[in-house]
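What follows is each chain in one-letter form.
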Amino acid sequence: MAPSAPSAAGADRSLSFDKELRLLFRMVACAGSEPVPKEYEAVVASHCALFQKTMNNYRARYVAMAQPFLVGLQPKGLPTTVVYPFGGGDLLSALTTYPNLTEVTTLSLEYAGDPRRIIGITPERLEFSLAQVRRRVSGLLIWTESTSENMIQLQKGDIPGQLAFFLTGLAVHGQEPVGLRFFNLSPEGAVVGISKEDIAALEGSTATKLNQVWKSPDFSVAFSNSEITFRKASDPKAPLRVHRHIAADLSDSGLRKVPGILKHLEAKGRITAITKAASYLMWNSGFSKIRNYLLGNMEFMLSDSTGIPPRYAQKAGFEMIAYGQFDAPFLAAPDAETQDMLALFAAQPKRELKFRYGYPDNHSHHHLLVTRKPEA
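Basis of the calculations
- Residues numbered from 1 in each chain as written.
- Predicted model: local features only at pLDDT ≥ 70, side-chain atom pairs only at ≥ 80, totals over all residues.
- Heavy atoms only, no water.
- Helix = DSSP H or I, 4+ residues; strand = E, 2+ residues; numbered from the N terminus.
- Buried < 20%, exposed > 50% of the residue type's maximum accessible area, 1.4 Å probe, protein only.
- Contact = heavy atoms within 4.5 Å.
- Areas by Shrake-Rupley, 256 points an atom, 1.4 Å probe, with all protein chains shown as cover.
- Salt bridge = Lys/Arg side-chain N within 4 Å of Asp/Glu carboxyl O.
- Axes fitted to C-alpha atoms, helices over the stretch in contact; angles between N-to-C directions.
- Parallel < 35°, antiparallel > 145°, perpendicular 65-115°, else oblique.
- Left-handed = near helix turned anticlockwise from the far one by under 90°.
- Pairing = 2+ DSSP bridges.
- Disulfide = S-S within 2.5 Å.
- Expected span 1.5 Å × (residues − 1).
- pLDDT = per-residue confidence, 0-100.
- Core = buried A, V, L, I, M, F, W, Y, C linked by side-chain atoms within 4.5 Å.

Student: Which residues make up the overall build of the chain, and what are the values?
Tutor: Broken down by element type, the chain carries 12 helices and 10 strands. Burial statistics for the chain: of 376 residues in total, 56% are counted as buried. Expressed as a percentage of contacts within the chain between residues at least 6 apart in sequence, the contacts between residues at least 24 apart total 75%. Accessible surface, the chain: about 15400 Å² in total, of which carbon and sulfur atoms supply 53%.

Student: An account of the pattern of salt bridges is needed here, citing residue identities and associated values.
Tutor: All chains considered together, the criterion is met by 15 salt bridges. For Arg-244, the salt bridge is made with Glu-227, and the minimal N-O distance between the two is 2.8 Å. Taken together, the residues Arg-244 in strand β6 (residues 241–247) and Glu-227 in strand β5 (residues 225–232) connect sequence positions 17 residues apart. Note that Arg-270 is salt-bridged to Glu-299, the shortest N-O span being 2.7 Å. Of this pair, Arg-270 sits in the loop between α9 (260–266) and β7 (271–275) while Glu-299 sits in strand β8 (residues 298–303), and the two are 29 residues apart along the sequence. Overall, Glu-299 belongs to the partly exposed group, its relative accessible area being 28%.

Student: Go over the packing of helix α1 (residues 18–27) against helix α6 (residues 161–172), please, and point to the residues and values.
Tutor: Two elements in contact, α1 and α6, have axes whose closest approach is 10 Å; the angle formed by their N-to-C orientations is 70°. Here α6 runs roughly perpendicular to α1, going by the angle between their axes. Between α1 and α6 the crossing geometry is right-handed. Residues Leu-21, Leu-24 and Phe-25 of α1 form the contact with α6, whose own contacting residues are Leu-163, Leu-167, Leu-170 and Ala-171.

Student: Go over the sheet that holds β7 with me, naming the residues and quoting the values.
Tutor: Read across the sheet, 10 strands follow the order β4-β3-β5-β6-β2-β1-β7-β8-β10-β9 without closing on themselves; strand pairing throughout is mixed. Single-partner strands in this sheet number two, and they are β4 (191–193) and β9 (319–324). The average undirected angle you get between the axes of adjacent strands in this sheet is 25°. Sheet analysis places strand β1 (residues 81–85) next to β7, joined by two bridges and oriented parallel. Within β7, the position partnered with Val-83 by the bridge is Ala-273. In this fold α1 packs onto β3 (175–185) and β5, with an angle of close to 130° to the strand it touches most, β3.

Student: Give a description of the state of the cysteines that names residues and reports values.
Tutor: A complete count under the given rule lists one disulfide for this structure. One disulfide in the model links Cys-30 with Cys-48; its S-S distance is 2.2 Å. Between Cys-30 and Cys-48 the sulfur-sulfur dihedral comes to about -95°; the bridge is accordingly left-handed. Separated by 18 residues along the polypeptide, Cys-30 in the loop between α1 and α2 (41–72) and Cys-48 in helix α2 bring together distant segments of the chain. Here Cys-48 falls in the buried class, since its relative accessible area comes to 7%.

Student: Pulling in residues and values, what's your account of the pairing of strand β10 (residues 367–372)?
Tutor: With six of six residues buried, β10 is to be regarded as a mostly interior element. One ladder, built from four bridges, connects β8 with β10; its direction is antiparallel. Note on β10: the bridge partner recorded for Met-301 is Thr-371. The pairing of β9 with β10 spans six bridges and is antiparallel.

Student: Can you tell me about α6, naming the residues and giving the values?
Tutor: Counted at 1.5 Å a residue, the expected span for α6 with its 12 residues is 16 Å, and the 17 Å between its end C-alpha atoms agrees. In terms of burial, α6 is largely enclosed, as 12 of its 12 residues are buried. Within α6, burial applies to Gly-161, Gln-162, Leu-163, Ala-164, Phe-165, Phe-166, Leu-167, Thr-168, Gly-169, Leu-170, Ala-171 and Val-172.

Student: Which residues make up unusual backbone geometry, and what values do they have?
Tutor: The phi dihedral of Phe-86 falls on the positive side, at around 60°, and the residue is not glycine. Structurally, the position occupied by Phe-86 is in the loop between β1 and α3 (91–97). Positive phi values are uncommon outside glycine, yet Ser-234 reaches one of about 60°. The topology assignment puts Ser-234 in the loop between β5 and β6.

Student: Could you give an account of the environment of Phe-345, with specific residues and numbers?
Tutor: Relative to the helices and strands, Phe-345 is located in helix α12 (residues 335–346). Residues within four places of Phe-345 in sequence aside, it is in contact with Ala-322, Tyr-323, Gly-324, Gln-325, Phe-326, His-367 and Leu-369.

Student: Mind laying out the confidence of the model for the chain, listing which residues take part and the relevant values?
Tutor: Residues at a pLDDT of 70 or more form 90% of the chain, whose mean pLDDT is 90. In this model, residues 1–11 is a region of pLDDT below 50 whose contacts with residues beyond four sequence positions or in other chains number 28 contacts. When the criterion is pLDDT under 50, residues 145–156 qualifies, and its contacts beyond four places in sequence or with other chains add up to 40 contacts.

Student: An account of the nonpolar core is needed here, citing residue identities and associated values.
Tutor: Grouped together as the largest cluster of nonpolar side chains are 72 residues, with contacts concentrated most on Leu-126, Ile-159 and Leu-302. Top contributing element to this core by residue count: α2, with 10 residues. When sequence neighbours within four positions are dropped, the list of residues in contact with Leu-126 reads Met-27, Tyr-40, Val-43, Val-44, Ile-118, Ile-121 and Ile-159. Phe-86, Leu-185, Leu-294 and Met-301 belong to the second largest nonpolar core, which has 37 residues in total.

Put into structure tokens, the structure is as follows:
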């Protein structure tokens with residue numbers, strides 16, 4: 001089956017939030033040409049003077065070094081449809097790793113968020129909210145992964161946290177958002193846009209947290225899953241690309257409750273994968289469904305050690321190539337998989353890795369795994 005094609009926001013009954021998207025892009029990610037309302041000009045200028053330094057530093061110090069290396073690991077002809085489980089708001093790393101992707105789906109416990117609150121916000125609230133965004137999003141730009149605490153805190157507030165992460169990723173990589181809509185998945189996995197009537201009907205129903213330690217969002221469940229179409233900045237003729245984010249519990253029990261998620265992913269056909277800073281969940285027996293989906297549908301994957309354990313990958317016909325150094329997991333993890341990973345690194349020549357990719361190991365060493373089909 002061919003990969004699903006990017007769909008323009010509002011192509012069906014979906015209510016589009018394009019104006020809110022452009023305003024968030026300008027005020028939060030400091031990019032684009034949307035005029036800033038006069039009452040916000042000083043606040044946004046102050047925010048951008050600080051935040052642009054962090055974004056520029058990521059471009060100069062990380063993208064310039066990491067992206068050529070990561071692209072050099074990738075064989076020609078990879079699918080340009082990318083799936084990033086446990087990806088949180090990390091569109092940034094997806095574009096750093098696979099700059100030529102045409103479609104990317106991130107899946108995590110976090111909801112996209114309500115973009116309407118940016119309209120009519122007071123300057124004082126905006127100043128506070130932008131400071132929170134800088135604090136939470138800068139961790140991804142500095143350490144190349146976001147802590148759970150940062151993701152939890154941005155589930156509440158005047159600026160939709162996940163959208164702030166997404167738009168920062170676009171700005172860093174010279175892309176611009178074109179359209180925004182929200183959607184649900186049918187039981188068969190089809191994307192069903194959220195309409196104006198749907199949003200009105202769900203207005204009083206807040207989203208429920210997908211993890212016991214997460215904070216419950218303070219916005220409507222209508223704003224759970226987002227679709228952003230984007231293209232190269234200042235190039236109206238550039239092809240549209242699409243990013244979909246799906247709020248999901250990717251445990252086996254969670255996926256049983258929402259069968260449309262796996263059906264949606266399977267309909268994409270062959271994919272390229274990425275994961276990092278995933279809390280070693282795919283080492284756990286309770287996450288076998290998402291692990292088996294990847295093994296059955298991906299051609300290639302880049303990850304830190306929180307990706308697929310070697311014994312599962314090798315059984316499915318993949319080879320794994322290790323870079324950097326791995327002494328032990330960064331967090332508590334199953335012992336059998338730990339020994340498996342240690343054996344993988346010990347059996348291969350040491351290959352240098354000059355940058356962090358997701359978690360370090362327990363001694364702060366950088367490491368990276370390539371999971372691929374063996375070359376003929």
